[in-house]
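Commentary on secondary and tertiary structure
Listed here are the chains, written in short residue letters.
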Amino acid sequence: QAKQLNFQERALLTANPVAKKLLNIMTQKSTNLIFSADVDSLDTLLDLASIVGPHICAIKTHINTFAVENFKLDLIYKLRNVADEQNFLILEDSKFADIGNTVYKQYVDGYHICEWADFVTAHAVSGPGVIEALVKGSGNRDRACLLIAQMSSDGNLVSEAYTNGVLKIAEDHSGFVAGFICRQKLSSKPNFIHITPGVKLAAGMGTLGQQYLTPDEVIKNRQSDVVIVGSGIYQAEDPLAATIAYKEAAFAAYNDLL
Ligand code: 5IU
């Protein structure tokens with residue numbers, strides 16, 4: 001088996017500021033775990049972020065899932081402070097998919113995502129205009145996007161040809177594309193970070209079509225770099241203990257590959 005570059009070595013080979021930060025954080029904190037904070041309120045999200053913060057490299061949010069009645073955007077700036085204090089990044093899972101103009105407005109005006117999220121997810125289905133819109137919206141901030149190259153849900157329509165098309169767009173825009181949301185390693189380029197949701201310590205079907213793989217399967221067998229865990233953590237009786245268990249499983253699998 002050929003020697004794999006470690007995260008630290010890859011950080012030196014990537015120009016994208018967010019990818020570099022993420023690779024460095026993963027090295028410093030020994031964690032390739034992202035917590036998907038799909039909870040009911042920003043208050044709960046903040047509480048959980050403070051608890052699990054030391055053990056994660058990033059938190060993943062869906063800013064448009066919180067009920068509008070008691071929504072306060074200032075809480076997300078508190079999350080920004082926690083992230084800076086505890087040295088993790090914020091990934092807003094916006095899944096932008098529209099034409100560039102609309103995506104620009106969603107990124108800059110709606111929820112001011114460009115201000116507080118280090119990186120965002122995007123579909124490449126509408127073509128590279130989505131990335132150009134995000135670049136424009138980022139201004140001079142350190143920002144990046146992850147392109148959704150594959151999905152975890154049962155029956156999804158992503159084909160191998162589509163995934164290859166996403167890879168091509170990423171390569172053409174590697175200054176802004178930090179990597180992929182995917183089910184397995186797709187690119188041998190060390191600057192692209194592979195990030196995989198749909199992860200649980202017990203593999204199998206979740207609710208509403210979600211399909212789970214174990215951290216070991218994702219990192220060791222499929223050679224992705226980072227796992228995203230949501231309900232495995234926030235539905236656990238002890239979210240901190242669960243976070244540590246996922247962190248240790250995913251990082252041990254990464255170390256096994258080196
Ligand atoms: N998510 C997936 N699968 C995907 C993509 C995103 O599960 O293919 I793209 C998101 C949805 C949810 C989180 O916010 O990742 C997974 O949460 P659970 O660990 O609770 O299944």
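Calculation criteria
- Residues numbered from 1 in each chain as written.
- Predicted model: local features only at pLDDT ≥ 70, side-chain atom pairs only at ≥ 80, totals over all residues.
- Near = placed C-beta within 6 Å.
- Helix = DSSP H or I, 4+ residues; strand = E, 2+ residues; numbered from the N terminus.
- Nonpolar A, V, L, I, M, F, W, Y, C, P; charged D, E, K, R; others polar.
- Buried ≥ 20, exposed ≤ 12 C-beta atoms within 10 Å, placed from the backbone.
- Core = buried A, V, L, I, M, F, W, Y, C linked by C-beta atoms within 7 Å.
- Contact = placed C-beta atoms within 7 Å.
- Pairing = 2+ DSSP bridges.
- Axes fitted to C-alpha atoms, helices over the stretch in contact; angles between N-to-C directions.
- UniProt positions renumbered as here; feature names shortened; annotations may be inferred.
- pLDDT = per-residue confidence, 0-100.
- Parallel < 35°, antiparallel > 145°, perpendicular 65-115°, else oblique.

Section: the site of the ligand
The environment of the ligand is formed by 17 residues, the closest being Met151, Ser152, Pro197, Gly230 and Ser231. Among the elements of the structure, strand E10 (226-229) and helix H10 (231-234) are those that each provide at least two residues to the shell around the ligand. Residue composition of the shell around the ligand, by class: six nonpolar, nine polar and two charged.

What to know about unusual backbone geometry
A positive phi is found at His112, a non-glycine position, where the angle reads about 50°. One non-glycine residue, Leu208, adopts positive backbone phi at about 50°. Assignment of secondary structure puts Leu208 in the loop between strand E8 (204-205) and strand E9 (211-212). Classification of Leu208 by C-beta neighbours within 10 Å gives exposed; the count is 7.

Digging into the nonpolar core
Counting 82 residues, the largest nonpolar core has Ile34, Cys57, Ile59, Leu89, Cys145 and Leu147 as its most contacted members. It is helix H11 (residues 239-257) that provides the largest number of residues to this core, a total of seven residues. Ignoring sequence-local partners within four residues, the contact set of Ile59 consists of Ile34, Phe35, Ala37, Ala49, Ala83, Phe88, Ile90 and Leu91.

What about the sheet that holds strand E3 (residues 89-96)?
Backbone hydrogen bonds hold the strands of a sheet together, and the pairing may be parallel or antiparallel. Read around the closed barrel, the eight strands follow the order E1-E2-E3-E4-E5-E6-E7-E10; overall the barrel is parallel. Pairs of neighbouring strands in the sheet enclose a mean axial angle of 30°, with direction left out of account. Where strand E1 (residues 33-36) meets E10, three bridges bridge the pair, whose relative direction is parallel. By the bridge assignment, Leu33 is partnered in E10 with Val227. The strands that helix H7 (residues 129-138) touches are E3, strand E4 (119-122), strand E5 (144-148) and strand E6 (177-181); relative to E4, the one it contacts most, it runs at about 160°.

Overview of the environment of Ala15
Mapped onto the elements, Ala15 comes out in the loop between helix H1 (7-12) and helix H2 (17-29). By C-beta crowding, Ala15 is classed as exposed, having 9 other C-beta atoms within 10 Å.

Re the UniProt feature "binding site: substrate" (unreviewed entry) in the protein
UniProt records the feature "binding site: substrate" (unreviewed entry) for Asp38, Lys60, Ser152, Gln210 and Gly230 in the present numbering. Relative to the helices and strands, Lys60 resides in strand E2 (residues 58-61). What Lys60 contacts, discounting residues up to four positions off in sequence, is Ile34, Phe35, Ser36, Ala37, Leu91, Asp93 and Ile228. Following the sequence through the fold, Gln210 ends up in the loop between E8 and E9. The residues contacting Gln210, other than those within four sequence positions of it, are Ser152, Ser153 and Gly198.

Notes on the confidence of the model for the protein
Should the pLDDT be low somewhere, the predicted coordinates at that spot are not to be read in detail. When the pLDDT values of the protein are averaged, the result is 97; 99% of them are 70 or greater. By mean pLDDT, the top-scoring element of the protein is E1 (99), and the lowest-scoring one is E8 (92). Interface confidence for the predicted complex, given as ipTM, is 0.98, next to a pTM of 0.98.

With respect to the packing of helix H3 (residues 42-52) against helix H4 (residues 74-86)
Viewed as axis vectors pointing N to C, H3 and H4 meet at an angle of 5°, and their least axial separation amounts to 10 Å. Taken together, the axes of H3 and H4 are roughly parallel relative to one another. Across from Leu42, Asp43, Leu45, Leu46, Ala49 and Ser50 in H3, the residues of H4 making contact are Leu75, Ile76, Lys78, Leu79 and Val82.

Things to note about the UniProt feature "active site" (unreviewed entry) in the protein
Within this numbering scheme, the UniProt entry marks Asp93, Lys95 and Asp98 as carrying the feature "active site" (unreviewed entry). One can find Asp93 in strand E3. Discounting residues that sit within four places of it in the chain, Asp93 has contacts with Lys60, Thr61, His62 and Thr121. Among the structural elements, Asp98 can be located in the loop between E3 and helix H5 (100-108). With sequence-adjacent residues up to four places away left out, Asp98 is seen in contact with Val103 and Ser126.

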